[in-house]
Amino acid sequence: MRALHRLFMGTALLLAGASIARAADTPAVDAPPSTADVLGTIVVVAGATRPLPRVAVVPSLASDIEDVTLHAVTHRDLDLCGEFELLPPSEAPEEALLATAVDVRPWAKKRVEALIQVGARRGEGQDRVEITGRVYLVARGAAPVFARRFLVPAGDLRAESHRLVDLLIGALTGKNGGFGSHLTFVAGTGKLRQVYTMDADGHGAAAVSPTDAIALAPAFGKTEELFWSSSVDHGEYQLRAASGRTIPLPVRGSVYGLAFSRDRSQVAVSIGVEGTIKLFAGPDFEHLTPASGVGMALRPTFTPSGKLAFAGEGRYGQRIYVDGKPITPEGLFASAPTFCNHPDGVRVVFAVGSGKDSDLLAAGERGGDMVRLTQGQGRNGYPACSPDGRILAFFSTRTSGEGPGLYLMRLDGGRPKRISTLVGDSLRWESLPPGRAIEVDAKVP
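Residues numbered from 1 in each chain as written. Predicted model: local features only at pLDDT ≥ 70, side-chain atom pairs only at ≥ 80, totals over all residues. Heavy atoms only, no water.

In the nomenclature of an unreviewed UniProt entry, the chain corresponds to TolB protein from the organism Polyangium mundeleinium.

As structure tokens, then:
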């Protein structure tokens, strides 16, 4: 089984930049076209070309850390979501800095279409913070079209700030944002590979797995508990929980992949058996049964409708499978699928290796209609979709732009922005557990 460990670490953990080598005594007679040839037939998306609505945040002169934090989170989320052109704070009209009430007229001169006002204050001796958010449409005048006020635990301020901004995004777009969420992934090389967690805006990155174990495949499970697989002293990769306990499985073998359905009613596990890696699934870890006969079944995930998907070996290279059927063509080394429940329809995004580099492709839930989201920018891999389905997170080794790291971009390939310098693999993006905010009233005067 140690040979299988080496095979997995040498192929599946690379950023989709290499294909599985196949031993053969004689050349294949019906060899498929090269990956470069296949990719050459796929349309490259240039990114968003439509004009974005211009949005501004009303500045605040308050120096309280709570208000500063809320404003920082608001600016960051609105910028990262890619739905708006955000007016820089430095361009705010001077009269808005001293105004005691919101006046939309100076903002209209800045071509601002929507105005957002947020505020946070903490009463003396209180352990709760009051946060408010309002949305004004400049064309409609001074009356807010959206207003909410919440009391939140002081220790949850940042998370609840993200949730408030999600509501503000929803008021402007018709669908709430996805920043009340967190990311998990593995970063590191060699014997030092740890599981990390991070806020959706890149804040608070922290290693959560021990340094004496090689970690793989983190995923958030029931009650949002974090699970992963790890090996100590080159031993078997065993499934473990963040609490430290080891999870016994009915199938013996090293665990190389893990996924939970969105409602947490199903779990899928990639396990090394019989010289390859097979996929097993069930309602919980105790009741796993074979889910596919495809070998080298890695990076399991579930579609928004609960279908099981994964990357597995094809006749040539590796393909993406949904419900046991391949949805990507032969000849591509396709890996790490994720499914985005986008307002325009479900899209699958995956990485494709091409020489030393790899690109991200998007297709329909059943394949077809493929477009290329990245090109000529190093190794781009391990995509993950935001809970609202509109933003894609991925790792990139690009040297252009902001350099290597973890990026967020719109699902149409537009406006990539780096949120961390960390580069890793096995990226997952999930909503946070329910918060403890108390809504004071639905309408703020």
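A. Focus on the state of the cysteines. A full pass over the atoms with the stated rule returns one disulfide. Sulfur-sulfur distance for the disulfide between C340 and C385 comes to 1.4 Å. Of the two residues, C340 is situated in strand β21 (residues 333-342) and C385 in strand β25 (residues 380-385); the sequence distance between them amounts to 45 residues. Assigned by exposure class, C340 and C385 land together as buried. (Disulfide = S-S within 2.5 Å. Helix = DSSP H or I, 4+ residues; strand = E, 2+ residues; numbered from the N terminus. Buried < 20%, exposed > 50% of the residue type's maximum accessible area, 1.4 Å probe, protein only.)

B. Looking closely at the pattern of salt bridges. Within this structure, the stated rule accounts for 21 salt bridges. Close ionic contact of R54 with E85 constitutes a salt bridge, the shortest N to O distance being 3.1 Å. Of the two residues, R54 is situated in strand β2 (residues 54-57) and E85 in strand β3 (residues 85-86); the sequence distance between them amounts to 31 residues. Looking at E85, the relative accessible area reads 33%, which means it is partly exposed. (Salt bridge = Lys/Arg side-chain N within 4 Å of Asp/Glu carboxyl O.)

C. Main features of the environment of L308. Turning to its location among the elements, L308 is positioned in strand β18 (residues 308-313). Residue classification places L308 among the buried residues on the basis of a relative accessible area of 13%. On a C-alpha basis, the gap between L308 and A281 in space is 8.7 Å, while along the polypeptide they are 27 residues apart. The residues touching L308, leaving out its near neighbours within four places in the chain, are A268, L279, A281, A291, T301, F302, Y321, V322 and D323. (Contact = heavy atoms within 4.5 Å.)

D. A look at the sheet that holds strand β28 (residues 417-420). In space, the four strands of this open sheet follow the order β25-β26-β27-β28, with antiparallel pairing throughout. Strands with a single pairing partner mark the edges of an open sheet, and in this sheet they are β25 and β28. If you compare each strand with its neighbour and ignore which way they point, the axes differ by 30 degrees on average. Here strand β27 (residues 405-410) runs beside β28; their pairing, made up of three bridges, is antiparallel. (Pairing = 2+ DSSP bridges. Axes fitted to C-alpha atoms, helices over the stretch in contact; angles between N-to-C directions.)

E. Main features of the pairing of strand β13 (residues 255-260). Taking burial as the measure, the six residues of β13 include six buried ones, the bulk of the element. As paired elements, β13 and strand β14 (residues 267-273) share five bridges and run antiparallel to each other. Residue pairing in the sheet places G257 in a bridge with S270 of β14. From the end of β13 to the start of β14, which pair antiparallel, there are six residues, and R264 there has a positive phi angle of about 65 degrees.

F. View of the nonpolar core. In terms of nonpolar packing, the biggest core is built from 43 residues, with I131, L406 and L427 touching the most fellow members. It is helix α6 (residues 157-173) that contributes the most residues to this core, six residues altogether. Discounting chain neighbours no more than four positions away, the residues touching L427 are L183, T184, F185, Y382, P383, A384, A393, F394, F395 and L406. In this structure, A219, L239, F260 and V267 belong to the second largest nonpolar core, which totals 16 residues. (Core = buried A, V, L, I, M, F, W, Y, C linked by side-chain atoms within 4.5 Å.)

G. Structural view of unusual backbone geometry. For E224, which is not glycine, the phi torsion reads 65 degrees and is therefore positive. Considering the arrangement of structural elements, one finds E224 in the loop between β10 (214-220) and β11 (226-231). In this model, R299 sits at a positive phi of 50 degrees, which is unusual for a non-glycine residue. Here R299 shows up in strand β17 (residues 298-302). For R299, a relative accessible area of 12% puts it in the buried group.

H. Spatial organisation of the packing of aromatic side chains. Under the defined criterion, the tally for this structure stands at eight aromatic pairs. Ring plane angle 65 degrees and centroid distance 5.4 Å describe the contact between F227 and F285, whose orientation is recorded as edge-to-face. With F227 in strand β11 and F285 in the loop between β15 (276-282) and β16 (289-292), this residue pair connects regions lying 58 residues apart in the sequence. Per residue, the accessibility class of F227 equals that of F285, and both read buried. (Phe/Tyr/Trp six-rings, centres within 6.5 Å; stacked < 30°, edge-to-face > 60°.)

I. Quick peek at α6. Taking 1.5 Å of rise per residue, the 17 residues of α6 would be expected to cover 24 Å, and the 24 Å separating its terminal C-alpha atoms lies within 8% of that figure. When we look at burial in α6, the residues that qualify are L157, E160, S161, H162, L164, V165, D166, L167, L168, I169 and G170. Looking at the packing, one finds that the buried side of α6 touches α3 (65-80), β4 (114-122), β5 (128-137) and β6 (146-153). (Expected span 1.5 Å × (residues − 1).)

J. Layout of the packing of α3 against α6. Axis separation between α3 and α6 bottoms out at 9 Å; the angle between their running directions is 45 degrees. In terms of orientation, α3 and α6 fall into the oblique class. For the crossing formed where α3 meets α6, the hand is right-handed. Contacts between α3 and α6 pair E66, T69, L70, V73, T74, D77 and L78 from the former with L157, R158, S161, H162, L164, V165 and I169 from the latter. A per-class count over the contact of α3 with α6 returns seven nonpolar, four polar and three charged. (Parallel < 35°, antiparallel > 145°, perpendicular 65-115°, else oblique. Left-handed = near helix turned anticlockwise from the far one by under 90°. Nonpolar A, V, L, I, M, F, W, Y, C, P; charged D, E, K, R; others polar.)

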